[in-house]
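Inside the fold
What follows is the residue order along each chain.
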Amino acid sequence: MEKYRIGLAVSDFYPDLVSSLVDGVQQVLDPLDHGTIALLPPVMAPGSSELPLTVDWLFEYCQCSAVIGLGVVIRGQTSHYESVCRMVEQGFIQVQLKRSRPVISGVIMAESLKQVKARLTLENHKGKQAARACLKMLNLFEEIKKS
C-alpha cells in the first residue's frame, strides 16, 4: 500500500467524549504512521453540523486520501437532533461522492449519554471502528486499482 494521508475532522462539542474518539483513532493508526499512513493532527470544528465542510476543506487543502469525521450528537428536547444528524450523514455522503475519497463517520448519534459511553468501551469503541473502516476502504481502493 502506498502512503496515505488521513485527516481528522473533529467536533469540539462534548470535548471529553470526542477526545476519547480521537484517542481510539490514534491507537489504531499511530502505529502505522511514518509507514503507509500519515495521520494528520485533528482539525476542530465548532459542532457536528460543521463537519462535512471541514472534511471537504481537508481534502481540498491538505490533499487527504481519506478523512474520518468524529463527533457526538445527543438527543435533546427539540428537533435539532434530527436536523444535525441528517446534515452530518448527507454532508458526508455528498463530500465522499464529490471527492471520490472515503469519508468515514465516527459520529456517535445517541439518545443519551449512557448510549454514547456504551460506544466508547474497550469492546465497542466507535473511534477504533472508524479507523479500521478507513484502513479497509484504503485497502479496497488498492485492490480495485490492481484489477
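Residues numbered from 1 in each chain as written. Predicted model: local features only at pLDDT ≥ 70, side-chain atom pairs only at ≥ 80, totals over all residues. Heavy atoms only, no water.

1. As for the packing of helix 1 (residues 15-29) against helix 5 (residues 126-146)
Packed helices, taken two at a time, are described by the angle between their axes plus the distance between the axes. Keep this limit in mind: Every angle, taken between N-to-C directions, lies between 0 and 180 degrees, and every axis is a line fitted to C-alpha atoms, over only the stretch in contact when it is a helix. Here a strand is any run of E in DSSP of at least two residues, a helix any run of H or I of at least four, and the numbering for each starts at the N terminus. Should an angle fall under 35 degrees it is taken as roughly parallel, and over 145 as roughly antiparallel, whereas 65 to 115 is taken as roughly perpendicular and any remaining angle as oblique. Left-handed is the label given to a crossing in which the near helix is rotated counterclockwise from the far helix by less than a right angle, and right-handed is the label when the rotation is clockwise. Here a residue-residue contact requires only that any non-hydrogen atoms of the pair lie within 4.5 Å. Each residue is assigned to one class: nonpolar for Ala, Val, Leu, Ile, Met, Phe, Trp, Tyr, Cys and Pro, charged for Asp, Glu, Lys and Arg, and polar for all the others, Gly among them.
It is the contact of helix 1 with helix 5, at a shortest axis distance of 7 Å, that shows an interaxial angle of 40°. When the axes of helix 1 and helix 5 are compared, the pair comes out oblique. Regarding helix 1 and helix 5, the two cross each other, and that crossing is right-handed. Judged by residue contacts, Leu21, Gly24, Val25, Gln27, Val28 and Leu29 of helix 1 engage Lys126, Gly127, Lys128, Ala131, Arg132 and Leu135 from helix 5. Considering only residue class, the contact of helix 1 with helix 5 consists of six nonpolar, three polar and three charged.

2. Overview of unusual backbone geometry
Selection rule: Exposed residues in this analysis have more than 50% of their type's maximum accessible area, buried residues have under 20%, and partly exposed residues fall in between, with area computed by a 1.4 Å probe over protein chains only.
For Tyr14, which is not glycine, the phi torsion reads 60° and is therefore positive. Mapping Tyr14 onto the fold places it in the loop between strand 1 (4-11) and helix 1. Residue Ser100 is not a glycine yet carries a positive backbone phi of 55°. Looking at the secondary structure, you find Ser100 in the loop between helix 3 (80-99) and strand 5 (103-110). Judged by its relative accessible area of 56%, Ser100 is exposed.

3. Side note on a nonpolar patch on the surface
Put simply, the rule is: By definition, no residue in a patch forms a salt bridge, and every one has over 30% relative accessible area; like charges are joined within 9 Å, nonpolar side chains (Val, Leu, Ile, Met, Phe, Trp, Tyr) within 5 Å. What sets the accessible areas is the Shrake-Rupley method with a 1.4 Å probe; for residues, cover comes only from the shown protein chains. Here a salt bridge means any side-chain nitrogen of Lys or Arg lying within 4 Å of a carboxyl oxygen belonging to Asp or Glu.
Together, Leu53, Trp57 and Tyr61 give the surface a local cluster of nonpolar side chains, amounting to about 380 Å² of exposed area. Tracing the chain through its elements places Trp57 in helix 2 (residues 51-62).

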